[in-house]
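Summary of structural features
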Amino acid sequence: MKNKILALAVVLSLSGCAELQQVASQYPGIGQTLGNADIAMGLKEALNNGVTKQVTKLTVSDGFYKNAAVKILLPPELQKVDKTLRDLGLSSLADEGLKVLNRAAEDAVKEAVPVFVTAIKSMTITDAKNILMGNDNAATIYLQRTTSSQLYGKFNPIVKKSLSKVGADKTWNQILTKYNTLPLVTKVNPDLNDYVTNEALKGVFTMVAVEEKDIRNNVAARTSDLLKRVFGMQ
């Protein structure tokens, strides 16, 4: 009788092991030891995916303008300009003014992507370990916190050049000249270069965060074995 009980226990034990192995095979992070370098590499891959997959979507025509998540709207001081122009029957001019701001951002992002790639490469192993167990946008927040000043310095002249390239400077010079000659209005002269730079950077980080959240929460979005193993540790 004891032998039968022992045999049954062995069978159940082996069966349990097989089931555990089957479960483990579905979650690549289980049963595999990841080194710190692997973790850092996985996070860098995730952020690179965010840049290449999501940020490049912003570089096409209407990449900003027709994307509600990042579309650049007018700053407060120009909203009254927009309303006044529309009230005067100049809606087409107002529409063009908004569109060229977004065009400038779309053009500038093409030049800015390499800056983000370089910033991603500089992430340390310690940073990576802390980020892995952080919130859904921990990596994006880290990137934003540690690179915003540097990125602004490199992005700003690109935006300035882009504003000129797409004709935004001329369009808004025309708009503001017309507006400022109207009676009883307070003259405005906003720094569009600074505004578009900040809004474009905000849009870039927004799209990187979209990809990071997807990879953290959607197993199917982990397109490599390394990503599956690293984010399986969460």
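Note: the structure precedes this text.
Residues numbered from 1 in each chain as written. Predicted model: local features only at pLDDT ≥ 70, side-chain atom pairs only at ≥ 80, totals over all residues. Heavy atoms only, no water.

Right, let's get into the packing of aromatic side chains. Counted according to the given criterion, the structure contains zero aromatic pairs. Its end group placed over the ring of tyrosine 65, lysine 71 keeps NZ or CZ at 4.6 Å from the ring centre. (Phe/Tyr/Trp six-rings, centres within 6.5 Å; stacked < 30°, edge-to-face > 60°. Lys NZ or Arg CZ within 6 Å of the ring centre and 35° of its normal.)

With that settled, consider the nonpolar core. Ranked by internal contacts, the top residues of the largest apolar core, which has 66 residues, are Phe116, Phe155, Trp172 and Val196. At the level of secondary structure, the elements contributing two or more residues to this core comprise helix H2 (36-54), helix H3 (76-87), helix H4 (91-121), helix H5 (125-132), helix H6 (138-165), helix H7 (168-180), helix H8 (192-217) and helix H9 (225-232). Among the elements that make up this core, the one with the highest residue count is H4 (15 residues). In contact with valine 196, not counting residues within four places along its chain, are Ile72, Leu101, Ala104, Ala105, Val159 and Leu163. (Core = buried A, V, L, I, M, F, W, Y, C linked by side-chain atoms within 4.5 Å. Buried < 20%, exposed > 50% of the residue type's maximum accessible area, 1.4 Å probe, protein only. Helix = DSSP H or I, 4+ residues; strand = E, 2+ residues; numbered from the N terminus. Contact = heavy atoms within 4.5 Å.)

Looking now at the environment of serine 91. Among the structural elements, serine 91 can be located in helix H4. When neighbours within four sequence positions are excluded, serine 91 is seen to be in contact with Leu85 and Arg86.

This paragraph deals with the pattern of salt bridges. Two side chains carrying opposite charge are able to pair once their charged atoms lie near each other. Inspection of every chain in the model, using the stated rule, returns 10 salt bridges. One salt bridge in this structure joins arginine 86 and aspartate 82, with 2.8 Å as the shortest N-O distance. Here arginine 86 pairs with aspartate 82, and both are found in helix H3, just four residues apart, close to one helical turn. When its relative accessible area of 30% is taken as the criterion, arginine 86 is described as partly exposed. (Salt bridge = Lys/Arg side-chain N within 4 Å of Asp/Glu carboxyl O.)

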